[in-house]
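A structural walkthrough
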Amino acid sequence: MTLAPSNCANFAEYFQSLDWSATPLGPLRQWPQSLRTTAEIMLSSPQPAFVGWGDALTLIYNEAYLPMLGARHPRALGRAFAGVWSELWPELQPIIAETLAGKAQYFVDHPVDLAGCGPPTTRWFAFSYTPLRDETERIAGFYCAAAETTEAVLARQRRRDGETCQAFLLNLTDAIAAGSNPVAIQLGAARLLARRLKVSRVGYAEDCGDGVHFRVIRDAVNRVASIAGVYRYADFGPRILKEFAAGRTVVWPDIAADALLTDAEKAAHRRLQTAASVNVPLLVDGRLGSVLFAHHARPKDWTPCDIAMIEATAHRLSGSLANVRLEAALLRSQARLRDAAEAAGLTYTEIDFVRNEIASAGNYAQVLGFPPVEGASGNGFDWRMSQFANRVAPEDRPKWLQALQRMQTTGHSGPVEHRVVGDDGAERWIESVGKIERDELGRFSRAFLTHLDVTAQVAGRRDLDRARRQAEEILASIGDAFYALDADWRFVYCNARAEQMLGKSRSDVLGRNFFDMFPMVRGSTVHARYQSVMTDGQPVQFESVSPILKRWIAFSVYPTGGGGISVYFRDISHEKALQQELVAAKSEAEEANQAKSKFLAAASHDLRQPAQSLVLLLSVIERQVKALPKAVETARKMKQALDGLNGLLTSILDISKLEAGVVEPSLDSVDLSALLDRLKAEYAAKARSSGLDLRIRPTPLCMRSDARLLERMVRNLIENALRYTPEGGVLVGARRRGDKVRLDVIDTGIGVPPSKYDEIFREFHQLHNPGRDLQKGLGLGLAIVARTARLLGATVEVSSREGRGSRFSLLAPAAACVAPAAVATAPLEDRGGTLLIVEDNSIVRESLGAMTGHWGYQVALAASGEAAIERAARENWSFDAIVTDFALGEGADGVSAAREIARQAGRAIPTLVLTGETSAAQIAGISASGFQIAHKPIDADDLRRKLALMRSEAGTPQQEPLDRTGIVPESGQQSGSER
């Protein structure tokens, strides 16, 4: 770095030679004495320092400050401080402001992000800011002494990382020591490392011996899948195997961004859900033996501490695994005794018969509770052993003496468990093992006895036995069958119920592989569910046909601590059979209900045809007998009878509409006051004629509902109340219930038993009308209320006391009341025009023709869909409106015929479809056509209004001459006036 121009020997000369007159400070000779003195002190200081002086805080600094400035020198000298350190100014400005306010400040290990000294980096400094005063005692600037503490900070960080790593390695040592086999040690270390690094996966891979493949046996995973299995090194690139062979750690912070990897190699990593990894190879005799890897599902900036911990774990794990394998081999061969000093609670006694000496471990008294027999003695081996035997509990002494005798005879004894009593009176459980050696003459030369304190183990076994007995008692007492499998699918327990269901005794299955005992389970749904619990560690409950028992079984499967499972199961074949019977019964009931609906629909259709004829003919008769009072009365009674039949058919139709789903509610705010006032005016006379008091309580409430459907429900409830109230009265009112409104119809009638609440809402069900008197209704009113309420999302409630009366309520959401808009209605007039009537019933056809002709329409008649199309073609498709029956025999139905005529005409023709159908499917089909629909029998006035409304919406009729009756006969028929 150039510190000064080439013609200056040092920084001080450069400082003196700078053209200060070009700076806000002016020439050096004009500087105030206070600034000159401060500058002299600063320039002679070996500590980095700088001064900000004047309004612009012009920067001057010493040579020691140059490394902190970096490339900013020499341009920074004499410039405004804020411009030199622009990137730090937002952070430094408050500090400098407080200094200029007279407050000295000091900062230690203050981080600073420096730009301008190479790549942006964080460094740490100690700063002291001191206010500077001029000759007038005014604060004119500040003095800052700085010292970089980056190395100290990083050193502390490295020390902390080292301590962290050391603490981890201590925990790792404990985890490795806790492992009972190589796989457990690998998995324990992997889990510990994965938790410490917070990574997605840590595992241990072993070379398969061919230099081509490696195997992952177990891995610790976090939110990614296990990759246990066999893989090829080549899939991850040739570089990795080369690095491994050289014993070098391979680090990938971001695999996707690594330019040295091919797309195929990156894809191999993606398949393992790996975006970053550290891989530490472990060499054995110069060859690759295994790899410890750490994977993360996202890119990761691995720190040196991370890599150090992974490498340390790898090397410790490698050594520990080698030791475990060696120890296992040594234990299998039983070639050597374990050293007594290797484990706490183990002591020994060595007797040298040649030297007549006895030596014991230093912890002998601590383990056994009494001191050993030390030193030389003239007494023999038997005496020494008898001294020990005196310490053995009397109950255990015989087996101790037997073990001693075996050792003298065979040279070996043990292990034998016994109790000894120490000097403190405490009883300890000891496991003793003895070995005696003989010389070439067969004499005792050396004896070695080890004594291990197993008090805790014996207590633990007793507790375990007690707990096992309790668990077995509990498991034997439960009603469910139960068995437990370990991680290798071996039976470790089964209760008596499981023995009974599986047909195997406990001795048959314990320790045996589950699939060896029951091979039919392999590959089944039961196998898959068991495997999921072992893999995921989450319990499951499921029902399935058991491959073993061939019956429906309910399973509850839970994970156990060792990677196995506990299975509770019970036979539910009986419950399944009952469920199937219930489903069959329900299906049978639904089929019966559908058959009933079809029967009612067919009966309704067949009754509507003659009913329609009666309605139309009665309308003609009423005009003909106006001058005959007795005949008028007879016609009135006929009309009452016909109204009863029409009411029955209309109720059946309403039920059919609700079943068909063609009733579409229009939800809005309904003024209950206006609704109830209207119903009061309508039903007051009827109530008085029955001697009943009908009271309507005024209400300001409004309900969110469909006004038309709501009125129908309330009508049905009022009519039902009046019909079944012999004396007293009926009260109708509404009240608020939270965010809902409840509309009540209360009567003093005969009441309903609570057991019959559900029945009264069924079709044609009446409690007090065995003779089916039509004056007492049809048994459809409450059924219509219930179905309509479901359609509207309302609730129907009933409360009743037999002989005292009933309350029927409708509960629906409350709504804000809205003033009704004024609707101007103009009287409808007969518009005339050409009208095509299509009806297969000759009486109804001719009655309709005569009546509509009387209203001023030019009428053409057709008895079938095909005849209607032919007649329309002869008239050049010129009809203004069509009235057609839906069912027209075997040919085309009325809807199809009307559609074809409109298609040929090239325009929409107003069409009214008359039907006696009540089936849900037929009603839905007609409604989907878009034509007007009316149900037989239709009243003459209703028909006249519908025609007038259709014609008025369609426009002016065609003007053609009419005959005297208004009927245009079908071809080959006489006119109506001639018949």
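If you're wondering where the values come from, they're calculated on a predicted model, not measured in any experiment.

**Some words on the state of the cysteines**
Between two cysteines, a covalent bond joining their sulfur atoms is known as a disulfide. Counting across every chain of the model gives 1 disulfide. Bridging C702 to C817, the disulfide has an S-S length of 1.9 Å. The sign of the 115° torsion about the S-S bond sets the C702-C817 disulfide as right-handed. Note that C702 is positioned in strand β24 (residues 702-705) and C817 in the loop between β28 (805-813) and β29 (833-838), a separation of 115 residues in sequence.

**Some details on helix α28 (residues 940-954)**
At 3.6 residues per turn, the α-helix brings residues three or four places apart onto the same side. The end-to-end C-alpha distance of α28, which contains 15 residues, comes to 21 Å, matching closely the 21 Å that a straight helix rising 1.5 Å per residue would cover. Buried within α28 are the following residues: A940, L943, L947, A948, M950 and R951. For α28, the angular spread of the buried residues around the axis is 165°, confining them to a single face.

**Examining the pattern of salt bridges**
Scanning the entire structure with this criterion turns up 34 salt bridges. Between R807 and D744 there is a salt bridge, and its shortest N-O distance comes to 3.8 Å. Of this pair, R807 sits in strand β28 while D744 sits in strand β26 (residues 740-747); the two residues are 63 residues apart in sequence, bridging distant segments of the chain. Classification of D744 by relative accessible area gives buried; the value is 4%. A salt bridge links R807 to E797, with the shortest nitrogen-to-oxygen separation between them at 3.9 Å. With R807 in strand β28 and E797 in strand β27 (residues 795-801), this residue pair connects regions lying 10 residues apart in the sequence. Overall, E797 belongs to the partly exposed group, its relative accessible area being 28%. Several salt bridges converge on common partners, so that one network encompasses E395, D396, R419 and E427.

**Some details on the confidence of the model for the protein chain**
Detail in the predicted coordinates should be disregarded across regions flagged by low pLDDT. When pLDDT is averaged along the protein chain, the result is 81, and 82% of the positions lie at 70 or above. In this model, residues 334-342 is a region of pLDDT below 50 whose contacts with residues beyond four sequence positions or in other chains number 6 contacts.

**Topic: the sheet that holds strand β25 (residues 729-737)**
Read across the sheet, 5 strands follow the order β23-β25-β26-β28-β27 without closing on themselves; strand pairing throughout is mixed. Looking at strand neighbours, the two that pair on one side only are β23 (693-696) and β27, the edges of this open sheet. Taken pair by pair, the neighbouring strands of this sheet meet at an average axis angle of 15°, ignoring direction.

**Points about the pairing of strand β2 (residues 58-61)**
Residues of β2 alternate between two faces, with T58 and I60 on one and L59 and Y61 on the opposite face, all of them buried. Looking at chain direction, strand β1 (residues 49-53) and β2 are connected through 4 bridges and run antiparallel. Of the residues in β2, the one forming a bridge with G52 is L59. Linking β1 back to β2 in an antiparallel pair, the connection comprises 4 residues, with G54 at a positive phi of about 85°.

**Quick notes on the sheet that holds strand β14 (residues 412-421)**
Across the sheet, 5 strands lie side by side as β13-β12-β16-β15-β14; this open sheet has antiparallel pairing. Of all the strands in the sheet, the pair left with one neighbour each is β13 (357-360) and β14. Strand-to-strand twist of the sheet, defined as the mean angle between neighbouring strand axes without regard to direction, takes the value 20°. The strands touched by helix α13 (residues 397-410) are β14, β15 (427-438) and β16 (444-453); relative to β14, the strand with the most contacts, the crossing angle is about 155°.

**Regarding the nonpolar core**
Counting 42 residues, the largest nonpolar core has W31, F50, I60, Y61, F81 and Y129 as its most contacted members. When residues in this core are grouped by element, the largest group, 6 residues, is from strand β5 (residues 139-148). If you look at the next biggest cluster of nonpolar residues, it comprises 39 residues, including L722, A734, V741 and F761.

So, how was this worked out
Residues numbered from 1 in each chain as written. Predicted model: local features only at pLDDT ≥ 70, side-chain atom pairs only at ≥ 80, totals over all residues. Heavy atoms only, no water. Disulfide = S-S within 2.5 Å. Helix = DSSP H or I, 4+ residues; strand = E, 2+ residues; numbered from the N terminus. Expected span 1.5 Å × (residues − 1). Buried < 20%, exposed > 50% of the residue type's maximum accessible area, 1.4 Å probe, protein only. Arc of directions from axis to C-beta. Salt bridge = Lys/Arg side-chain N within 4 Å of Asp/Glu carboxyl O. pLDDT = per-residue confidence, 0-100. Contact = heavy atoms within 4.5 Å. Pairing = 2+ DSSP bridges. Axes fitted to C-alpha atoms, helices over the stretch in contact; angles between N-to-C directions. Core = buried A, V, L, I, M, F, W, Y, C linked by side-chain atoms within 4.5 Å.

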